[in-house]
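Each chain is listed here by its residues.
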Amino acid sequence: MGLLEDLQSKILIGDGAMGTLLHAHGIDNCFEELNITKPEDIFNIHKAYQKAGASVIQTNTYGANFPKLKRYGAEEKVKDINIEGVRLAKKAVGDSGYVLGTIGGIRSFQKSIISLEEIKRSFREQLFWLLSEDVDGLLFETFYDLEELKTVLEIARHETDKPIVTNVSLHEKGVLQDGTPIVKALKILEELGADVVGTNCRQGPYHMLEILEEVPLLDKSFLSAYPNASLPQYVDGRLIYETDPDYFYKTALAFKDQGVRLLGGCCGTTPSHIEAMAKALKNAVPITEKTVKEAPPIEVLSQEIQAQPHLHEIVQEKHSIIVELDPPKKLGVDKFLKGAHALQAAGIDALTLADNSLASPRISNLAMASLLKDQLKTRPLIHLTCRDHNLIGLQSHLMGMHTLGFNQVLALTGDPSKIGDFPGATSVYDLSSFDLIRLIKQFNEGVSFSGKPLGQKTNFSIAGAFNPNVRHLDRAVQRLEKKVDCGADYFISQPIYSIEQLEDVYEATKSLKAPIYIGIMPLTGAKNARFLHHEVPGIKLSENILTRMEKIEHDKEQSAKEGILLAKELIDRAYELFNGLYLITPFMRYEMTVELANYIKAKELVSIERKI
Ligand SMILES: Cc1cc2nc3c(=O)[nH]c(=O)nc-3n(C[C@H](O)[C@H](O)[C@H](O)COP(=O)(O)OP(=O)(O)OC[C@H]3O[C@@H](n4cnc5c(N)ncnc54)[C@H](O)[C@@H]3O)c2cc1C
Ligand code: MET
Ligand SMILES: [Zn+2]
């Protein structure tokens, strides 16, 4: 009899955790490599689970794929670890059970940490070796990312007719991290050919059962559940799970009542938990009908009424000026406010506020934006870096921005801390700019990063950063395309200092599906010019510019005038090529950006007059 025939009439018991069990025994390195370095330990664990009553044993190959083994320098051992993994499980199980070849999800919350192409490659390799040892079926578990699971399931279904179990993992009750309700996700997996579908890890029985109450019995596939022992507790720097096997006796019956046919355990569970569940379900008959609890209606999402068009909408239609005026590095905001007022008077479309640029602390840009809100009509565009905010902080910041009515945001990875005033500070980087753009896009759908409904849809217009001052412009443009795919609405560039570069950038980006604000930062003097030319990676000024600035080096006023003149020459060409102009205020010298903004406005007037 095969696994699926058995499941027609029985509830089968799976095994429990491998990773946390090994960890509890003091093992801190690669768990899967033990298949070849300490096979007897793994064999004994399989045997213990089998003795406890599990008839479905999974191979110790959860993370036995190229990218995960690479963390331990074991990436060349994918073949041996997987082959040995199956052999050990088979030896332990003998004829009295089934061996599932396990493959774990790779992506957790950082989607862009690994491309789907790499996932496919590593999945195919692992799948090949597991199938080569003739497993009884496959178990794909701990998949938070539905896109990843769908992709690998399609590959596997194409390669084999063996039973496939797919288990998703949920941060939030009832929804996957992209907001897909679990019922829908399981139906999708069933349609793609999974024979058993369900959920594992993250939740203990309580929350998992709550989730399953909303899941109906499916037409073609069986339901599975592998709960954690409990919610984890953080003790002395380690994650600890409660161990109360009796509780698992009681909850096993509840899982049966929800229609689960394959029941095992995930993190924190031990052979004692499995023994308790096996005892509880010894002669249990699976249910064939179920009353499904209706999912609570999703809160009505109110879409904010947009008072002004977004920047990306404006710049598609006409010339638009945004100006960076950074929050002060010291306390005291008078000069900043004067600058902001002067720039508003010049008629700019937005004031952009850096998030601790160059990794040096400044007054919080959200605080400065709130201050502006009370005093000015010009809207702020808030920079948000992944360097200074972890995943919790980023979401809290975005919710704060939405609450205050700020919906223009620039999503950045951010300069690393080591270049700034506090080189010992941590650069968080929970997310990359790609992930952050995706996150904000998901907020616009009313869904948090982990899939939780936010109660309202945000209305962010999302800018991405563009650094054209790189050796390979084509690669920079590829990054922009990727940012567009993630949801970026437009781009804002680092400053450009030559007409030729402006033209190169125009050529390289003209088929991009998002508009660009081109960066122009006036030089303040020869020292500033030399610094940019020699010390800022990627920025090169022409000999002509350097000489022009050096000639008047000792005249401060004249230097600023020359800086303005050069910026105007760049603006003349940029104005012809791009609609968006991004003026960067150097060293709080807002009178320079005010003059440039006025210059651009005058050009606009001339062109309007010409049209009339
Ligand atoms: C308009 C604008 C505003 C900015 N505001 C801030 C701010 O407020 N606070 C702050 O800390 N920083 C700011 N920066 C700096 C920014 O963080 C760095 O310029 C960063 O290198 C590029 O932008 P990003 O953070 O989105 O990085 P991403 O585009 O996500 O790039 C991440 C990393 O990949 C690398 N990379 C990027 N492009 C290439 C390429 N073509 N070839 C090879 N490697 C590449 C870089 O090392 C970069 O650090 C700003 C930059 C711009 C353009
Ligand atoms: C992070 S979920 C872990 C699943 C795997 N089966 C293990 O227990 O090691
Ligand atoms: Zn787990």
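Residue numbers restart at each chain and count upward from 1, following the sequence in its written direction. Chains and ligands are labelled by the order in which they are written, letters from A for the one and numbers from 1 for the other. This being a predicted model, a pLDDT of at least 70 is required before a residue's local features are given, and a value of 80 or more before pairs of side-chain atoms are given or counted; all residues contribute to the totals for chains, interfaces and linings. Where side-chain values are given, they derive from all heavy atoms of the structure, hydrogens and water being excluded.

Attention now moves to the UniProt feature "binding site: Zn(2+)" (unreviewed entry) in the protein chain. UniProt positions are given in the numbering used here, feature names are shortened, and annotations may be inferred rather than shown by experiment. Feature annotation in UniProt assigns "binding site: Zn(2+)" (unreviewed entry) to the following positions: Cys201, Cys266 and Cys267. Across 67 residues in sequence, these annotated residues keep their C-alpha atoms within 6.3 Å of one another, forming a single compact spot. By the element assignment, Cys201 lies in the loop between strand E6 (196-200) and helix H10 (205-212). Residue classification places Cys201 among the buried residues on the basis of a relative accessible area of 9%. Note on contacts: a residue pair is in contact if any heavy atoms of the two residues lie within 4.5 Å. The contact partners of Cys201, leaving out residues within four places of it in the chain, are Thr142, Ser169, Met208, Tyr226, Asn228, Cys266 and Cys267. Runs of E in the DSSP output that reach at least two residues are strands. Runs of H or I that reach at least four are helices, and both are numbered from the N terminus. One can find Cys266 in the loop between strand E10 (260-263) and helix H12 (271-280). Discounting chain neighbours no more than four positions away, the residues touching Cys266 are Ala17, Asn200, Cys201, Tyr226, Pro227 and Asn228. Relative accessibility decides the category of a residue: with a 1.4 Å probe and only protein chains considered, values under 20% of the type maximum give buried, values over 50% give exposed, and everything between is partly exposed.

Looking at the metal site, the zinc ion (ligand 3) is ligated by Cys201 (SG), Cys266 (SG) and Cys267 (SG), spaced 2.2 to 2.4 Å from it. Here the zinc ion (ligand 3) is ringed by four donor atoms whose angles at the metal span 94 to 131 degrees, and the overall shape comes out tetrahedral. Here the term donor refers to an N, O or S atom within 2.8 Å of the metal (or 3.2 Å for Na, K and Ca), and because water is left out of the atoms, sites may appear incomplete. The sequence pattern describing where the donors of the zinc ion (ligand 3) fall on their chain is C-x64-C-C. Linking Cys201 in the loop between E6 and H10 with Cys267 in the loop between E10 and H12, this pair joins segments that are 66 residues apart in sequence. Across the pair, Cys267 and Cys201 agree in class, each one buried. Angle rules define the geometry names used: all angles between 85 and 135 degrees makes four donors tetrahedral, while opposite donors over 155 degrees apart and all other angles between 65 and 115 make four donors square planar and six octahedral, leaving every other case irregular.

Bringing the site of ligand 1 into the picture now. Residues are classed as near a molecule or strand on a simple rule: at least one heavy atom within 4 Å of it. Surrounding ligand 1, one finds 24 residues, the nearest of these being Arg387, Thr413, Ser433, Arg479 and Lys483. Measuring from an oxygen atom of ligand 1, one finds a side-chain N or O atom of His383 at 2.9 Å. Here a polar contact is recorded for every N or O atom pair within 3.5 Å, except that within protein the pair must consist of a potential hydrogen donor and a potential acceptor, and residues adjacent in sequence are included only if both atoms are side-chain atoms. Contacts to ligand 1 include Lys483, whose side-chain N or O atom sits 2.7 Å from an oxygen atom. Protein coverage of the free-state accessible area of ligand 1, which is 910 Å², stands at 77%. Counting residues per element, the ones that place at least two in the shell around ligand 1 are strand E14 (379-385), strand E15 (408-412), strand E17 (461-466), helix H18 (473-486) and strand E18 (490-495). The greatest single-element share of the shell around ligand 1, amounting to four residues, is contributed by H18. Residue polarity is assigned by list, with Asp, Glu, Lys and Arg as charged and Ala, Val, Leu, Ile, Met, Phe, Trp, Tyr, Cys and Pro as nonpolar; anything else, Gly included, falls into the polar class. Looking at the shell around ligand 1, its residues break down into nine nonpolar, nine polar and six charged. A 1.4 Å probe and the Shrake-Rupley method give the accessible areas. Residues count as covered only by the protein chains that appear here.

What follows deals with the sheet that holds E18. Pairing between two strands is assigned when DSSP locates at least 2 bridges connecting them. Read around the closed barrel, eight strands run E12-E13-E14-E15-E17-E18-E19-E20, paired in parallel fashion. Taken pair by pair, the neighbouring strands of this sheet meet at an average axis angle of 25 degrees, ignoring direction. In this sheet, strand E20 (residues 580-584) lies alongside strand E12 (residues 320-324) in parallel orientation, the contact comprising five bridges. If you follow Ile321 over to E20, its bridge partner there is Leu581. Helix axes use the C-alpha atoms of the stretch in contact, all axes being lines fitted to C-alpha atoms, and the angles between their N-to-C directions lie in the range 0 to 180 degrees.

The next subject is the domain arrangement of the protein chain. Residue ranges for the domains originate in an automatic or database domain assignment. Under the domain assignment used here, the protein chain contains domain 1 (3-280) and domain 2 (304-611). Between the C-alpha centres of domain 1 and domain 2 the distance comes to 46 Å. Between domain 1 and domain 2, the residue contacts involve 11 residues of the former and 16 residues of the latter. Counting the surface lost from both domain 1 and domain 2, the interface buries some 960 Å², and carbon and sulfur atoms represent 52% of this. Put simply, a salt bridge is a Lys or Arg side-chain nitrogen that is within 4 Å of an Asp or Glu carboxyl oxygen. Seen at the junction of domain 1 and domain 2, the total is one salt bridge. In this structure, Glu172 and Lys452 form a salt bridge, with 3.9 Å as the shortest nitrogen-oxygen distance. One can count three residue pairs in polar contact (both at pLDDT 80 or more) joining domain 1 with domain 2. For the side of domain 1 that touches domain 2, the class distribution of residues is three nonpolar, five polar and three charged. Summed over both partners, the accessible surface that disappears when two parts come together, traced with a 1.4 Å probe, is what is meant by buried area.

As a further point, take the packing of aromatic side chains. Here a pair means two rings of Phe, Tyr or Trp (six-membered ring of Trp) with centres within 6.5 Å. Their orientation is stacked below 30 degrees between planes, edge-to-face above 60, and tilted elsewhere. Within this structure, the stated rule accounts for five aromatic pairs. Ring centres 4.8 Å apart and planes at 85 degrees place the aromatic pair Phe128 and Trp129 in the edge-to-face group. Ring centres of Tyr506 and Phe578 lie 5.9 Å apart, and the angle between their planes is 85 degrees; on these two criteria the pair is classed as edge-to-face. Here the residue Tyr506 occupies a position in helix H19 (residues 499-509), and Phe578 occupies one in the loop between helix H22 (556-577) and E20, the gap between them amounting to 72 residues.

What follows concerns the site of ligand 2. The full set of residues close to ligand 2 is Ala17, Met18, Gly19, Gln58, Tyr62, Glu141, Thr142, Cys201, Cys266 and Cys267. Here Met18 contributes a backbone N or O atom positioned 3.0 Å from an oxygen atom of ligand 2. Glu141 places a side-chain nitrogen or oxygen 2.5 Å from a nitrogen atom of ligand 2. Protein contact buries 84% of the 300 Å² of open area that ligand 2 shows by itself. The residue inventory of the shell around ligand 2, partitioned by class, reads six nonpolar, three polar and one charged.

Here the focus is the sheet that holds strand E5 (residues 164-168). Backbone hydrogen bonds are what pair the strands of a sheet, in a parallel or an antiparallel way. As summarised here, the arrangement of the eight strands in space is E1-E10-E7-E6-E5-E4-E3-E2, forming an open sheet in which the pairing is parallel. Edge positions in the sheet fall to strand E1 (12-13) and strand E2 (56-58), since each has one partner strand and no second. As defined by bridge partners, strand E7 (residues 222-226) adjoins E10 across three bridges and the pair is classed as parallel. Each bridged residue has a counterpart across the sheet, and for Leu223 the counterpart in E10 is Val260. Sheet contacts for helix H6 (residues 78-93): E2 and strand E3 (98-104); angle to E3, the most-contacted strand, approximately 150 degrees.

Residue position: Ala367 is located in helix H15 (residues 365-375). Its relative accessible area of 36% is what places Ala367 among the partly exposed residues. Counting along the chain gives 161 residues from Ala367 to Asn528, while the straight-line C-alpha distance between them is 30 Å.

All right, on to helix H11 (residues 245-257) then. Multiplying 1.5 Å by the residue count of a helix minus one yields the expected span of that helix. For H11, built from 13 residues, the straight-helix expectation of 18 Å at 1.5 Å per residue is met to within 8% by its first-to-last C-alpha distance of 19 Å. Bend is the name given here to the angle between axes fitted to two runs of seven residues, the run ending at a residue and the run starting at it. Taken as a whole, H11 carries its principal kink of about 25 degrees at Thr251. Listed in full, the buried residues belonging to H11 are Phe248, Thr251, Ala252, Phe255 and Lys256. The inward-facing, buried residues of H11 abut H10, E7, E10 and H12. At the exit of H11 stands Gly259, carrying a positive phi of roughly 90 degrees.

Right, let's get into the environment of Lys220. Among the secondary structure elements, Lys220 is positioned in the loop between H10 and E7. On a C-alpha basis, the gap between Lys220 and Tyr72 in space is 40 Å, while along the polypeptide they are 148 residues apart. In this structure Lys220 touches Glu190, Glu191 and Asp195, once residues within four positions along its chain are discounted.

The next point concerns the environment of Val152. Along the chain, Val152 turns up in helix H8 (residues 146-159). Residue classification places Val152 among the buried residues on the basis of a relative accessible area of 1%.

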